[in-house]
Amino acid sequence: VQLQACGGGLVQPGGSLRLSCAASGVTFSRYVMGWFRQAPGKEREFVATISRSADSTLYGDSVKGRFTISRDNAKSTVYLQMNSLKPEDTAVYYCAADFRYGSPSYVITDHKEYDYWGQGTLVTVSS
């Protein structure tokens, strides 16, 4: 399984970015997907997760109402639309995948449950 994240960069406070994470070597629709972030000197933080069927999503408290996770199973890609960005959103953002049977609506917020990780993409919010 390979996950390739992209879309990071430098943006001013209040701006927007869209991150993408493309998966290869998998049947993408069988994987719960998530986004996490890690700022320098801080622990990895849950950002968002989306179920296999895309009918369930959850967000970290710090990004609720500003970020939106989505997925396109035909393109094997998960997205993170980030709006109203703040300097405290500065971090390396990682996508993650976990293979699941059972309910297609299941979501995962614990990074320890994810089996596969992308390489990370840096988001810097600064004026």
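Note that the structure is predicted; figures quoted are calculated from it, not measured.

Caption draft 1: Geometry of the environment of Ile69. If you trace the backbone, Ile69 turns up in strand β7 (residues 67-72). Linking Ile69 and Thr49, residues 20 residues apart in sequence, is a C-alpha distance of 7.0 Å. Dropping the residues within four chain positions of it, Ile69 is found in contact with Met33, Trp35, Ala48, Thr49, Ile50, Thr57, Tyr59, Val78, Tyr79 and Leu80.

Caption draft 2: Main features of the side chain of Ser20. Examined against the element boundaries, Ser20 turns out to sit in strand β3 (residues 17-24). Among all residues touching Ser20, those that are not within four sequence positions of it are Gln4, Ala5, Cys6, Trp35, Thr77, Val78 and Tyr79.

Caption draft 3: Broad picture of the nonpolar core. The biggest cluster of nonpolar side chains holds 29 residues, and the ones touching the most others in it are Trp35, Leu80, Met82 and Tyr93. Setting aside residues no more than four positions away along its own chain, Tyr93 makes contact with Leu19, Trp35, Phe36, Arg37, Val47, Phe67, Leu80, Met82, Gly120, Thr121 and Val123.

Caption draft 4: Inspection of the pattern of salt bridges at higher detail. Summed over the entire model, instances satisfying the criterion amount to seven salt bridges. Between Glu45 and Arg37 there is a salt bridge, with its nearest N and O atoms 2.9 Å apart. The partner of Arg100 in a salt bridge is Asp98, with the nearest N and O atoms 2.5 Å apart. Residue classification places Asp98 among the buried residues on the basis of a relative accessible area of 3%. Three or more residues are tied together by salt bridges with common partners; here these are Arg37, Glu45, Arg66 and Asp89.

Caption draft 5: Examining the pairing of strand β9 (residues 91-99) more closely. Burial of β9 is extensive: seven of the nine residues sit out of reach of the surface. Bridge count between strand β4 (residues 31-38) and β9: eight bridges; the pairing is antiparallel. Directly across from Phe36, in β9, lies its bridge partner Tyr94. The sheet contact formed by β9 and strand β10 (residues 116-117) spans two bridges and is antiparallel. Residue pairing across strands places Ala97 opposite Tyr116, the latter belonging to β10.

Basis of the calculations
Residues numbered from 1 in each chain as written. Predicted model: local features only at pLDDT ≥ 70, side-chain atom pairs only at ≥ 80, totals over all residues. Heavy atoms only, no water. Helix = DSSP H or I, 4+ residues; strand = E, 2+ residues; numbered from the N terminus. Contact = heavy atoms within 4.5 Å. Core = buried A, V, L, I, M, F, W, Y, C linked by side-chain atoms within 4.5 Å. Buried < 20%, exposed > 50% of the residue type's maximum accessible area, 1.4 Å probe, protein only. Salt bridge = Lys/Arg side-chain N within 4 Å of Asp/Glu carboxyl O. Pairing = 2+ DSSP bridges.

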